[in-house]
Amino acid sequence: NGTMTGATLAQTGVLTVGKNYRLTLDIPSYTTGTLYFDSGAGKTKTWTSSGTKTYDFIAQGTQIRFYGGTVTLSLDNVSVKEIVVPGWETSSNNGALVNFPTTIPYIAGPTGRADTALTFDGSDDYIDLGEDKPNDGTGDITISAWINPTGFGESGAGKILDNEQLSLITFNTNSLLRFVSDGSSIATSANDSISLGVWQHVLVTRNAAGDETNFYINGVLSGTANQDSGTPVAGTTNTFIGNNEAGSRTFDGNISKLKIFSRILGTQEIRELYYAGGQSR
């Protein structure tokens, strides 16, 4: 622990290349600059604020390294633990919790259709579900998906799901998720909770009143609990995956195993979705 000013902190021999790890750390105080993290492939994660941080990654080397040319902050309670998931352990991919292959077994939509992972180009791709949607978006709802964003999407606000009133969005300012129930009111996950270039499980629950909206990233509550995302309004367009009806908010990257539930999942169910790789039980 201590203060880091324009320095590099590293420890070698702590990782195995190709395995999945969860990094947690505390930044008790932050003054200026950007803190970079590297596991062997250059910077893969950055932080520019104080607080407790969590980051899941695939080791590209054997060391962990923090650095920043002009960064001034304090760093404490750094922990790196291997992620091993019962039922997913194999000799070839050690569970593949984060490092899913390019094509993922299926995407489970509202009607249970099966397909490979969906790739969106950040420009004009979309999936139009038409009238094939679970409800009008005004009741209790849980939205679950695995995403691997290449960027934050068209205009920095790529849509994961949208019906003009209800929206789940990757947002470039502060690298987070936005959720809206009425077309305008905004609830958000924690700053720096969305990472580029890795698979992560994102989930949001919202009650029928709209005043209990909660985000979960990789099974863990992210951001303030029970936020208000507005009084839910019925969708005014078809339901779209990866864009909106206007085609102006294209997601950039991959979306897989999208699930929409007409109820609020409990914390144990949320953890099970994450640890089972997004497959419901």
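Structural data are supplied above this passage.
Residues numbered from 1 in each chain as written. Predicted model: local features only at pLDDT ≥ 70, side-chain atom pairs only at ≥ 80, totals over all residues. Heavy atoms only, no water.

A. Broad picture of the overall build of the protein. From N to C terminus, the protein includes one helix and 21 strands. Counting every position in the protein, which comprises 281 residues, the buried fraction comes to 50%. Long-range pairs, those at least 24 residues apart, make up 68% of the contacts in the protein with a sequence separation of at least 6. Entry remark: accessible area of the protein is about 11800 Å², with carbon and sulfur atoms responsible for 45%. (Helix = DSSP H or I, 4+ residues; strand = E, 2+ residues; numbered from the N terminus. Buried < 20%, exposed > 50% of the residue type's maximum accessible area, 1.4 Å probe, protein only. Contact = heavy atoms within 4.5 Å. Areas by Shrake-Rupley, 256 points an atom, 1.4 Å probe, with all protein chains shown as cover.)

B. Focus on the pattern of salt bridges. In total, this model carries four salt bridges according to the counting rule given. With its nearest N and O atoms 3.2 Å apart, the salt bridge here joins arginine 65 to aspartate 38. One end of the pair, arginine 65, is in strand 8 (residues 64-67); the other, aspartate 38, is in strand 5 (residues 35-38), with 27 residues separating them in the sequence. (Salt bridge = Lys/Arg side-chain N within 4 Å of Asp/Glu carboxyl O.)

C. Spatial organisation of the packing of aromatic side chains. Counted by the stated rule, this structure contains seven aromatic pairs. Between phenylalanine 37 and phenylalanine 66, the ring centres sit 5.3 Å apart and the planes meet at 50°, which makes this aromatic pair tilted. Here phenylalanine 37 is found in strand 5, whereas its partner phenylalanine 66 is found in strand 8, with 29 residues between them in sequence. Taking the centre distance of 5.9 Å and the plane angle of 25° together, the rings of tryptophan 146 and tyrosine 274 count as stacked. Taken together, the residues tryptophan 146 in strand 12 (residues 141-149) and tyrosine 274 in helix 1 (residues 267-275) connect sequence positions 128 residues apart. When sorted by exposure, tryptophan 146 lands in the same class as tyrosine 274, which is buried. Taken together, Phe37, Tyr55 and Phe66 form an aromatic cluster joined through their ring pairs. The ring of tyrosine 67 has arginine 65 sitting right over it, with the charged end atom 4.1 Å from the ring centre. (Phe/Tyr/Trp six-rings, centres within 6.5 Å; stacked < 30°, edge-to-face > 60°. Lys NZ or Arg CZ within 6 Å of the ring centre and 35° of its normal.)

D. Quick peek at the pairing of strand 17 (residues 200-206). For strand 17, a buried count of seven out of seven residues is recorded, marking the element as mostly surrounded by other parts of the structure. In this structure, strand 17 lies alongside strand 18 (residues 213-217), joined through five bridges in antiparallel fashion. If you follow valine 202 over to strand 18, its bridge partner there is isoleucine 217. (Pairing = 2+ DSSP bridges.)

E. Summary view of the sheet that holds strand 15 (residues 176-180). Taken in spatial order, the six strands of this open sheet run 11-20-13-14-15-16, and their pairing is antiparallel. Strands with a single pairing partner mark the edges of an open sheet, and in this sheet they are strand 11 (127-128) and strand 16 (187-188).

F. Helix 1, seen in detail. The complete set of buried residues in helix 1 reads Ile270, Leu273 and Tyr274. One face of helix 1 carries all of its buried residues, which in axial projection span an arc of 95°. (Arc of directions from axis to C-beta.)

G. The side chain of asparagine 254, seen in detail. Structurally, the position occupied by asparagine 254 is in strand 21 (residues 252-261). Separated by 2.6 Å, the side chains of asparagine 254 and threonine 119 make a polar contact. With near-sequence residues (within four places) excluded, asparagine 254 lies in contact with Leu118, Thr119, Trp146, Ile147, Asn148 and Trp199. (Polar contact = N/O pair within 3.5 Å; in protein donor to acceptor, adjacent residues only side chain to side chain.)

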